[in-house]
Amino acid sequence: MWHQQTLTLGAKSRGFHLVTGEIVEQIPALAEVQTGLLHLLLQHTSASLTLNENCDPTVRSDMEQHFMRHVPENALYQHDYEGPDDMPAHIKSSMLGVSLLLPVSRGQLALGTWQGIWLGEHRIHGGSRHIVATLQGE
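Every chain's residues receive numbers from 1 upward, in the order its sequence appears when written. Where local features are concerned, this predicted model is filtered to residues with pLDDT of at least 70; where side-chain atom pairs are given and counted, the filter is 80 or more; whole-chain, interface and lining totals use all residues. Only hydrogens and water are set aside; all other atoms, that is, all heavy atoms of the structure, feed into the side-chain values.

## Brief notes about the overall build of the protein
Worth spelling out the cut-off: Each helix is a run of H or I in the DSSP string that is no shorter than four residues. Each strand is a run of E no shorter than two, and both are numbered from the N terminus. Within these notes, the globule rule equals 2.2 Å times the number of residues to the 0.38 power, and the radius of gyration is based on C-alpha atoms. Partly exposed residues are those whose accessible area sits between 20% and 50% of the maximum for their type, while under 20% is buried and over 50% is exposed, using a 1.4 Å probe and protein chains only. Note on definitions: a residue-residue contact is assigned when non-hydrogen atoms from the two residues lie within 4.5 Å. All accessibility values rest on the Shrake-Rupley procedure with a 1.4 Å probe; residue burial counts only the protein chains present in the view. Under the convention used here, Asp and Glu are negative, Lys and Arg are positive, and both His and the chain ends fall outside the count. Where a charge lies is defined by one atom per residue type: Lys uses NZ, Arg uses CZ, Asp uses CG and Glu uses CD.
For the protein, the helix and strand inventory stands at 3 helices and 8 strands. Counting from the amino terminus, helix and strand elements in the protein follow one another as β-β-α-β-β-α-α-β-β-β-β. A globule of 138 residues ought to have a C-alpha radius of gyration of about 14 Å, and the protein, at 16 Å, matches this closely. By its C-alpha atoms, the protein is 50 × 30 × 20 Å across when sized along the principal axes. Counting all 138 residues of the protein, 42% fall into the buried class. In the protein, the share of contacts with a sequence separation of at least 24, taken over all contacts with a separation of at least 6, comes to 82%. In the structure as shown, the protein presents an accessible area of about 7,400 Å², 53% of it carried by carbon and sulfur atoms. In the protein, 8 side chains carry a positive charge and 14 a negative one; their mean positions are 3 Å apart.

This is how it looks when you write it as C-alpha cells:
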C-alpha cells in the first residue's frame, strides 16, 4: 500500500514545538498499516523537523536558546531580503533537516518512549507549514 497526502500545521511562534499528535491525526491511513514506513518532508527552507524529547518542554526551550546563541540574527549575512531572521532560519533548517523517516508498527508510529516529532519554527512569523507525508507498508 502506498498513500501520500499534504498535511498542514497551524502557524506557530518561533521555537520548537511538539507536533506528533497534530501530524498523526491528519493521517487516518496510518491505522491500516501493520508494518511500514512514514516519510515526512517539510516543504519549507526556514523551518525544520527533528525527533527529540516528547515530555519535558524545557528541552525545547533549551534547544531554542542554543540555536539563538550559535546562529544569531545580528550577524552580517548577505541574504536578508525577508528580514534579519531569514538567513539564520535557513541555516538552522539545513543543520536540523526537513525530513524524517519513521517506522510504523500495528497502525502506529514505532517511536521510543520519550520521542516525539518537533517542528523547529525558525522565523518570527513563519505562518502555516506544509508537510508531504508518504506512507508505505502492508
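Let us keep going from here.
## Things to note about the side chain of histidine 17
Note that histidine 17 resides in strand S2 (residues 15–18). A residue is classified by how much of its surface remains accessible, and histidine 17, at 18% relative accessible area, is buried. Each residue touching histidine 17, except ones within four places of it in the same chain, is listed here: Lys12, Arg60, Ile117, Trp118, Leu119 and Glu121.

## Brief notes about unusual backbone geometry
Positive phi, close to 50°, is recorded for arginine 106, a residue that is not glycine. As for its placement among the helices and strands, arginine 106 is situated in the loop between strand S5 (99–105) and strand S6 (108–109). The exposed category is assigned to arginine 106, whose relative accessible area is 66%.

## Comments concerning the sheet that holds strand S3 (residues 35–42)
Where we set the bar: Any two strands are treated as partners once DSSP identifies two or more bridges connecting them.
As summarised here, the arrangement of the 5 strands in space is S1-S8-S3-S5-S6, forming an open sheet in which the pairing is antiparallel. Across the chains shown, the open sheet's two edge strands, defined by having one partner strand only, are strand S1 (2–9) and S6. In this sheet, S5 lies alongside S3 in antiparallel orientation, the contact comprising 7 bridges. The partner of histidine 39 across the bridge, within S5, is leucine 101.

## Digging into the nonpolar core
As a reminder of what qualifies: For the purposes of this section, nonpolar cores are sets of buried Ala, Val, Leu, Ile, Met, Phe, Trp, Tyr and Cys residues that join through side-chain atoms within 4.5 Å.
Within the largest apolar cluster, 22 residues are counted, with the highest numbers of intra-cluster contacts made by Ile23, Leu40 and Ile117. Core analysis: the second largest hydrophobic core is formed by 5 residues, Met63, Phe67, Val71 and Trp118 among them.

## Examining the environment of tryptophan 118
Inspection of the secondary structure assignment puts tryptophan 118 in strand S7 (residues 115–121). By relative accessible area, tryptophan 118 is classed as buried at 0%. As for tryptophan 118 and phenylalanine 16, which are separated by 102 residues in sequence, their C-alpha atoms are 6.2 Å apart. Residues in contact with tryptophan 118, not counting those within four places in the same chain, are Phe16, His17, Leu18, Val19, Ser48, Leu49, Thr50, Asn52, Glu53, Val59, Arg60 and Met63.

## Thoughts on the pattern of salt bridges
Applicable threshold: We define a salt bridge as a contact between a side-chain nitrogen of Lys or Arg and a carboxyl oxygen of Asp or Glu at a distance within 4 Å.
Considering all chains together, one arrives at 7 salt bridges under this definition. Aspartate 86 is the salt-bridge partner of arginine 123, the closest N and O atoms lying 3.4 Å from each other. Residue arginine 123 is found in the loop between S7 and strand S8 (129–137), and its partner aspartate 86 is found in helix H3 (residues 86–96); the two are separated by 37 residues along the sequence. Residues joined in a network through salt bridges with shared partners are Glu82, Asp85, Asp86 and Arg123.

## Focus on the confidence of the model for the protein
Rule in force here: Each residue gets a pLDDT score, which is the predictor's confidence in that residue and runs from 0 to 100.
For the protein, per-residue confidence averages 97 on the pLDDT scale, and 100% of positions sit at 70 or higher. In the model of the protein, H3 stands out as the element of lowest mean pLDDT, 97, in contrast to S3, which has the highest, 99.

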